[in-house]
Amino acid sequence: MTIDLEDLGLDAGGYLIVQRALRDLPIGSRLAVHGRDPALRVHLAVWSREQGHGIDLSGPAPTVVKGSATTARWSRARRAGDPGPDGTLPHADVRWGLAMRGALVEEGGPPLHADLIDRGVVWAEAAQQLYQHGAARQWNPDTAVRWDAPFALPSEIEGAVVQVMTYLVENEYAAMQIPAGFIARMHPHYREVMQVLAIQVADEARHVEVFTRRAMLRSSEMGVSGAGGRASLQTLLDETDFSLAAFLLSVLGEGSFLDLLEFITRHAPDPVTREVAGLALRDERRHVAFGMAHLKYAADADRALLGRLRTAVERRHDALADTAGLNQDVFDSLVVLAAHAWTPESLRSGWNAVQALQKAMNEGRQRRLVQLGFPSDEAVELSALHTRNFM
Amino acid sequence: MTLLMGAVAYDPKVVTIWEGFRRFLVDHGLPFDFILYSHYERQAEDLVAGRIDAAWNSPLAWVRARRLAGAAGARLEALVMRDTDRDLRSVIVVRGGSGVESLSGLDGATVGVGAVDSPQATLLPLSLLRNHGLAAGTNLTIRRFDVGVGLHGDHVGGERDAARALIAGEVDAACMIDASHLLFAREGLFTASSTRIIAETEPYDHCNMTTGPSADPVLAARFRELLLGMSYEDAELRSLLDLEGLKTWRPGRTSGYQALESAVDEARFYGEDGALLADDYRP
């Protein structure tokens, strides 16, 4: 076979033409390379040597004799599944490293340090859809909230808002760190799940920003942080099992937070508080939806999962039995926030609203537990064991 | 009994390569170890003296070891070499617009070469020039770029400095191995038509794995067999073979060193007995 590089040098991309011509030739085939680049002979000899091909310089045109090295490099390569959403394999090989799903993976290279490598352990059928939804609905904290909206609150009401924001921020830190930790442990073969978690982390980063900005809007002194609340969050951070963490954080914790954020949106004493809670609520719905979708998938793959979820709730309850749970200041601040004023009648109304909130949280948890497959009496029992800290 | 091999640490990757090869060889039942030298001269002397059993030799180290062994009545064997050690050429390069078309155009010129002990960028090209009637001190000025002296040109720095001097107009021609010409073009040091090759040496061979008088013949044969059996299909070996710059080991041959033997004699670099003659060579 013969090719002509015209005046293109091997050092300027000419090797691509040679490579392409050799690609489908059998090993041992001869390829005469014509061209006008003065260095062609010298460079072709070097290139052939580097690539493991032979070179014959005896004729008028230098001739490459195809060697076996290129074929040898890829002889044991395997495809890492298929690129599309249906292309995942039940088990992802750590030897694929960071190769894209569907890539032809050369053998060798360092194995990936990932332990979440089984579809049954991480997957959710809705992952792709939830990621796309999340990516399309990202909002700009600077413009999505009317930070300069006029309002004036009595100092006790403002203090209650600051306390609630202080509480929300520490909960958002947990909700940001937990998925971030799982991303680092996950095989990118299940990229849709990684993408969902990454969007979740970005969501929480914005929640941290808007809650912090609202807290600092009128006040330079933040609220208190109770040891019991932090102990409750620590048990979430300590949970290393992906499904159990999704259950405790997304389904029970963020599930309860849907009601809490809805409560704040409804009872907010000022427009900024209402808007920041409303924006966070939108994102948290998606986080809960992913947790539910994952657990349904995982429970289908492993019928013993429900038993483990139950044990996780009980274990967490036992671990937190001696702690205070929700800080009294946070509880009181929710009452005051909903009261809007410092009168007996307003406080009664705030108190009743918080009672209704707790009832709604409890019912929401029970509803989700039943959706996951728990019998309703067990759902009642498990919901009652959920942390008093809400998250 | 262990087969002890010497290699020159011209680059940190040498440790990675030989640690990896050692693991492979030991896993395949060959008691093998290696020691690293800072330059080739001591390695060649130790090989012939039997302090090491094998040496991963540069072509110049082969020439010296062969001469030392001849003087001492010791026997050496070129056991294996890389596929990429066969039939290399050195080139003499001028600037594209210089008007110099052939070696005769270099009469009275300044020529940039690599390190004093580089076969490919100094000894062999200077021999080519000499055979065309061009010699240092008479009708040629040599500008030497001594980088990594003692490493027998394994360090590309001298060639690169000579190439830079050519582009900068500080020398009229530069000498380098063929692969470096392509490398400097890929790196952008040479741009299209900025240089022209006016002469090439005849093909010559580069490194070989030499066994010395102390090598146990059975171990040496097993060493040869295991190296020749290394497959580029093996992913673990492939990364090491890539680092060492080969696809496959080939049987050793000594037919490709004649031009270097002559160049060494012409330059009075080593004596017939392997003695170091070059005054300005300080490895």
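Scope of this entry: the structure provided in the associated data block. Bear in mind the structure is a predicted one, so any value in this text is a computation, not a measurement.

This part is about the interface of chain B and chain A. Taken together, the 21 residues of chain B in the interface contact 21 residues of chain A. Of all the secondary-structure elements, those providing two or more residues to the side of chain B that touches chain A are α6 (178-187), β9 (195-200) and α8 (235-244) of chain B. No other element matches the 6 residues that α6 of chain B contributes to the side of chain B that touches chain A. When the residues that make up the side of chain B that touches chain A are grouped by side-chain class, the tally is 8 nonpolar, 3 polar and 10 charged.

Residue and element names in this part refer to chain A. Contact geometry for helix α10 (residues 242-267) and helix α14 (residues 344-372): axes closest at 9 Å, N-to-C directions at 145°. Considering how the two elements wind past one another, α10 and α14 form a crossing that is right-handed. Contacts from V251, L252, G255, S256, L258, D259, L260, F263 and H267 of α10 reach α14 at A353, L357, A360, M361, G364, R365 and R368. Taken together, the residues that form the contact of α10 with α14 break down as 9 nonpolar, 4 polar and 3 charged.

Now for the sheet that holds strand β6 (residues 110-113) of chain B. All names here are of chain B. Taken in spatial order, the 5 strands make up an open sheet running β7-β6-β8-β5-β9, and their pairing is mixed. Among the strands making up the open sheet, the edge pair consists of β7 (141-144) and β9. The sheet shows a mean angle of 30° between the axes of neighbouring strands, direction not considered. Across 5 bridges, the pairing between strand β5 (residues 90-95) and strand β8 (residues 173-177) is antiparallel. Residue pairing in the sheet places S90 in a bridge with I177 of β8. Contacting β5, β6, β8 and β9, helix α4 (residues 119-131) runs over the sheet at an angle of about 115° to β8.

What counts as what
- Residues numbered from 1 in each chain as written.
- Chains lettered and ligands numbered in written order.
- Predicted model: local features only at pLDDT ≥ 70, side-chain atom pairs only at ≥ 80, totals over all residues.
- Contact = placed C-beta atoms within 7 Å.
- Helix = DSSP H or I, 4+ residues; strand = E, 2+ residues; numbered from the N terminus.
- Nonpolar A, V, L, I, M, F, W, Y, C, P; charged D, E, K, R; others polar.
- Axes fitted to C-alpha atoms, helices over the stretch in contact; angles between N-to-C directions.
- Left-handed = near helix turned anticlockwise from the far one by under 90°.
- Pairing = 2+ DSSP bridges.

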